[in-house]
Amino acid sequence: MKKIDSKMVNPLWLEMIKVVKREVVPALGCTEPVSLALAAAIAAQRLDKPVEKIEAKVSANLMKNGMGVTVPGTGMTGLFIAAAVGAIGGDPWGKLEVLKNLTPEQVRKAQQMVAQGRVEVMVADVPHILYSEAKVMHGEEWVTVAIADTHTQVARIEENGKVIFEMEFEDYIANAMEDKSTIAGIKARDVFDFAMGVPLEMIRFIHEAADLNTSLSREGMNGHYGLQIGATMDRQRQQGFLADGLLTQVLMRTTAASDARMGGAVLPAMTNSGSGNQGIAATMPVVVVAEYVKANEESLIRALMLSHMMAIYIHDKLPKLSALCAVTTASMGAAAGMAWLLKEDFRVVSMAISNMIGDLAGLICDGASNSCAMKVSTSVMSGYKAVLLALEGIRVTGNDGIVAEDVDRSIANLGVLACQGMAQMDEQILQIMLNKR
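Thresholds applied
- Residues numbered from 1 in each chain as written.
- Predicted model: local features only at pLDDT ≥ 70, side-chain atom pairs only at ≥ 80, totals over all residues.
- Heavy atoms only, no water.
- Helix = DSSP H or I, 4+ residues; strand = E, 2+ residues; numbered from the N terminus.
- Rg over C-alpha atoms; globule rule 2.2 N^0.38 Å.
- Buried < 20%, exposed > 50% of the residue type's maximum accessible area, 1.4 Å probe, protein only.
- Contact = heavy atoms within 4.5 Å.
- Areas by Shrake-Rupley, 256 points an atom, 1.4 Å probe, with all protein chains shown as cover.
- Lys, Arg positive; Asp, Glu negative; His and termini not counted.
- Charge placed at Lys NZ, Arg CZ, Asp CG, Glu CD.
- Axes fitted to C-alpha atoms, helices over the stretch in contact; angles between N-to-C directions.
- Parallel < 35°, antiparallel > 145°, perpendicular 65-115°, else oblique.
- Left-handed = near helix turned anticlockwise from the far one by under 90°.
- Nonpolar A, V, L, I, M, F, W, Y, C, P; charged D, E, K, R; others polar.
- Salt bridge = Lys/Arg side-chain N within 4 Å of Asp/Glu carboxyl O.
- Core = buried A, V, L, I, M, F, W, Y, C linked by side-chain atoms within 4.5 Å.
- Domains from an automatic or database assignment.

Our next topic: the overall build of the chain. Within the chain one finds 18 helices and 10 strands. Against the compact-globule benchmark of 22 Å for 437 residues, the chain has a radius of gyration of 21 Å, which places it among compact chains. When burial is assessed residue by residue, the chain has 57% of its 437 residues classed as buried. Across the chain, the fraction of contacts at a sequence separation of at least 24, relative to all contacts at a separation of at least 6, is 76%. As displayed, the chain has an accessible area near 18,300 Å², and 52% of this comes from carbon and sulfur atoms. Treating the 40 positive side-chain charges of the chain as one cloud and the 48 negative ones as another, the clouds have centres 3 Å apart.

What follows covers the packing of helix α15 (residues 346–360) against helix α17 (residues 407–421). Direction vectors running N to C along α15 and α17 enclose 30°, while the axes themselves pass 9 Å from each other. Looking at the two axes, α15 sits roughly parallel to α17. Judged by the sense of rotation from one axis to the other, the crossing of α15 with α17 is left-handed. In this structure, α15 uses Ser350, Ile353, Ser354 and Ile357 to contact α17, whose residues at the interface are Val407, Ser410, Ile411 and Leu414. The residue makeup of the contact of α15 with α17, split by class, is five nonpolar, three polar and no charged.

Per the stated rule, a full pass over the model turns up 19 salt bridges. The closest approach of N and O atoms between Lys100 and Glu97, which form a salt bridge, is 3.9 Å. Note that Arg204 is salt-bridged to Glu201, the shortest N-O span being 2.7 Å. Classification of Glu201 by relative accessible area gives partly exposed; the value is 30%. It is possible to trace a salt-bridge network through shared partners that takes in Lys53, Glu55 and Glu120.

Our next topic: the nonpolar core. Of all hydrophobic cores here, the largest spans 135 residues; its most connected members are Phe194, Leu306, Met309, Met310, Tyr313, Val349 and Ile353. Formed jointly, this core draws a minimum of three residues from each of two domains, domain 1 (30–175) and domain 2 (181–435). Apart from residues lying up to four places away in sequence, Leu306 is in contact with Val191, Phe192, Ala195, Met196, Ala336, Gly337, Trp340 and Val349. Counting residues in hydrophobic clusters, the runner-up holds eight residues, among them Leu216, Tyr225, Ala260 and Met284.

Worth remembering: the numbers are spatial, not functional.
Spelled out as structure tokens, the structure:
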């Protein structure tokens with residue numbers, strides 16, 4: 001393998017690779033309950049005694065995204081079991097794969113702890129959109145670990161009333177600025193040029209997204225998880241209710257991966273921007289189209305990189321968690337990847353993204369649950385339709401709604417809608433969900 005001199009590579013491309021490596025990582029289970037499980041696992045390790053009780057606090061958005069999702073390997077949904085299995089069997093060094101090595105006995109003990117009412121979960125009054133805190137106790141001894149701003153960033157550790165570690169405000173700012181610095185000045189065209197021009201060996205790692213999410217898709221096709229949407233489509237295809245074309249394959253295989261993930265499959269998903277469903281939506285449509293056109297390995301890798309980096313670029317305009325379903329933005333990345341595989345033209349890519357913004361800007365996030373797979377199928381369908389129109393030179397124009405003539409302006413408008421226009425909706429969704437319980 002020829003060694004690449006990084007000094008000869010566009011510095012912006014090197015920064016984008018860093019961003020992708022940070023934002024596209026494996027995770028086992030929905031990342032919001034997993035974040036609480038990680039806090040509990042770290043706290044339990046420091047307590048170093050059997051955990052008798054857990055008191056957890058999470059931000060409103062994390063509560064919304066953690067109430068209804070199945071925790072892998074447990075057969076149960078929600079934050080109570082996530083905290084319990086994290087404390088009893090979680091790997092404190094496992095990050096988003098904290099629950100990877102659970103045993104049946106650990107799961108049984110965690111289920112018993114929940115059944116006995118020894119786990120409490122409440123909404124924390126904190127400024128962080130993403131926040132999880134676990135206080136684990138044994139007798140009079142206790143340890144609290146808080147994670148904030150990202151799913152794995154430990155912000156505070158407290159033991160028996162003594163603060164062992166606490167991030168300074170300046171550290172929060174520095175980390176936020178580091179996250180924003182690379183993406184802030186780029187445009188969609190920069191992402192396209194990066195994916196097409198960067199040396200292949202430097203981005204070959206993105207193929208792991210195809211490997212992991214394809215395995216998850218196959219598992220979902222077994223029909224044992226969630227709403228079984230992918231498996232149902234397959235049965236309907238065999239009965240003649242659905243045509244066995246490219247669209248059906250894209251919908252079926254992408255949604256099956258989400259079925260498995262949200263239904264508790266003990267397989268990791270490759271995430272994007274902190275979400276397994278976003279990673280699935282940015283990966284599987286590209287994989288299916290690449291197979292259909294018989295793309296070579298390099299074309300698949302470049303299409304995957306275009307999809308994932310475009311999804312990151314668009315999602316960067318949104319809050320980390322909001323009332324806007326971010327599977328839509330991930331699917332905009334997939335639309336870019338599919339469009340390039342079918343016609344290697346940035347104009348077609350940009351038109352496809354604008355078409356999606358004109359179609360799907362208002363899809364709401366009402367928490368992580370099995371129904372997320374429905375939103376995945378809706379978003380992927382929109383992406384495929386957007387690409388078909390773009391291939392014919394048809395796009396939603398700047399005269400329509402929030403769409404502008406310039407694709408970057410359209411993306412920015414979508415971000416404004418999510419950040420400002422949907423804030424009250426986010427609060428209302430949570431209240432509806434809490435009142436149900």
